[in-house]
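# Results of the structural survey
Read off the chains here:
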Amino acid sequence: MITTSVVNEAIGKLLPPKALKAMGIDLNASPAKHPKDASPFSLSFQCPDCSHIQHEKRPEVCPICSAGGETFTVLDVGEADSEAKDSVEVTAFDGHQLKWTKEALEELEQIPEELAREQIRLKLEKQTRTRKQTVITKEMVTAALS
Ligand SMILES: [Zn+2]
């Protein structure tokens, strides 16, 4: 069977994007090649500029830094799932989402004094944001304590 997307794909190999646009053909509009709408809840998108993670569907613009949604990277679903099982998502001081692994939180709980614990927590979240990382691990807590 010859579908529209097959035709578009064939044409896309022969013509430059400008010519396709002039013909009113948008290769990216093919639903067959973009099944994201079929299961909108299994995907996560990450902002390349500020590492903000948007779940479920691609945002029009990043709510944090206003980067275009089309620049977001699609995160591996399997990886996101396994990560979510043993980590806790928090909102950092600057409104970004960060994850603490369970082990990192347990390590943090070892600090008896609440004020000191809070300082380490903030320090690590800031450090993680500065390094453009998204997950705080036990090793990072240990390093912050030493
Ligand atoms: Zn962003």
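Heads up: the structure comes first, above all this text.
The model shown is predicted, which means the values in this text are computed figures rather than measured ones.

### So, the overall build of the protein chain
Helix and strand content of the protein chain: six helices and six strands. Seen in sequence order, the protein chain has helices and strands lined up from the N terminus as α-α-β-β-β-α-β-β-α-α-β-α. When burial is assessed residue by residue, the protein chain has 14% of its 146 residues classed as buried.

### Side note on the environment of Pro-63
Along the chain, Pro-63 turns up in the loop between β2 (53-55) and β3 (73-75). With 13 C-beta atoms counted inside 10 Å, the residue Pro-63 sits in the partly exposed group. Through-space distance from the C-alpha of Pro-63 to that of Cys-47 is 9.6 Å; in sequence the pair is 16 residues apart.

### Overview of the sheet that holds strand β4 (residues 87-91)
Strand order in this open sheet of three strands is β4-β5-β6, and the pairing throughout is mixed. Edge positions in the open sheet fall to β4 and β6 (135-136), since each of these has one partner strand only. Bridging between strand β5 (residues 97-101) and β6 involves two bridges; their strand directions are parallel. Opposite Trp-100, over in β6, you have Ile-136 as the bridge partner.

### Observations regarding helix α5 (residues 114-130)
Between its first and last C-alpha, α5 extends 24 Å over 17 residues, near the 24 Å set by a 1.5 Å rise per residue. Residues Arg-121, Leu-124 and Thr-128 constitute the buried set of α5. End-on view of α5: buried residues confined to an arc of 70°, all on one side of the axis. When the buried face of α5 is taken as reference, the exposed residues oriented beyond 90 degrees from it are Leu-115, Ala-116, Glu-118, Leu-122 and Thr-130. At its buried positions, α5 is contacted by β5, α4 (102-109), β6 and α6 (138-145). Of the residues flanking the end of α5, it is Lys-132, one or two places downstream, whose phi is positive at about 60°.

### Considerations on the sheet that holds β3
Taken in spatial order, the three strands line up as β2-β1-β3 in an open sheet, and their pairing is antiparallel. Because the sheet does not close on itself, it has two edges, and the strands there are β2 and β3. Neighbour-to-neighbour, the strand axes of this sheet turn through a mean angle of 30°, independent of strand direction. Inspection of the sheet shows strand β1 (residues 44-46) paired to β2 by three bridges, in the antiparallel sense.

### Focus on the packing of α4 against α6
Direction vectors running N to C along α4 and α6 enclose 25°, while the axes themselves pass 7 Å from each other. The orientation of α4 relative to α6 falls into the category roughly parallel. In this structure, α4 contributes Glu-103, Ala-104, Glu-107 and Leu-108 to the contact, and α6 contributes Lys-138, Met-140, Val-141 and Thr-142. Of the residues belonging to the contact of α4 with α6, the class tally is four nonpolar, one polar and three charged.

### Focus: the pairing of β4
Along any regular strand the residues' side chains alternate between the sheet's two faces. Direction of pairing for β4 relative to β5: antiparallel, over a ladder of five bridges. Looking at the pairing, Val-90 lines up with Leu-98 of β5. The turn linking β4 back onto β5 is made up of five residues, and Gly-95 within it adopts a positive phi angle of 90°.

Thresholds, definitions, all that
- Residues numbered from 1 in each chain as written.
- Predicted model: local features only at pLDDT ≥ 70, side-chain atom pairs only at ≥ 80, totals over all residues.
- Helix = DSSP H or I, 4+ residues; strand = E, 2+ residues; numbered from the N terminus.
- Buried ≥ 20, exposed ≤ 12 C-beta atoms within 10 Å, placed from the backbone.
- Pairing = 2+ DSSP bridges.
- Expected span 1.5 Å × (residues − 1).
- Arc of directions from axis to C-beta.
- Contact = placed C-beta atoms within 7 Å.
- Axes fitted to C-alpha atoms, helices over the stretch in contact; angles between N-to-C directions.
- Parallel < 35°, antiparallel > 145°, perpendicular 65-115°, else oblique.
- Nonpolar A, V, L, I, M, F, W, Y, C, P; charged D, E, K, R; others polar.

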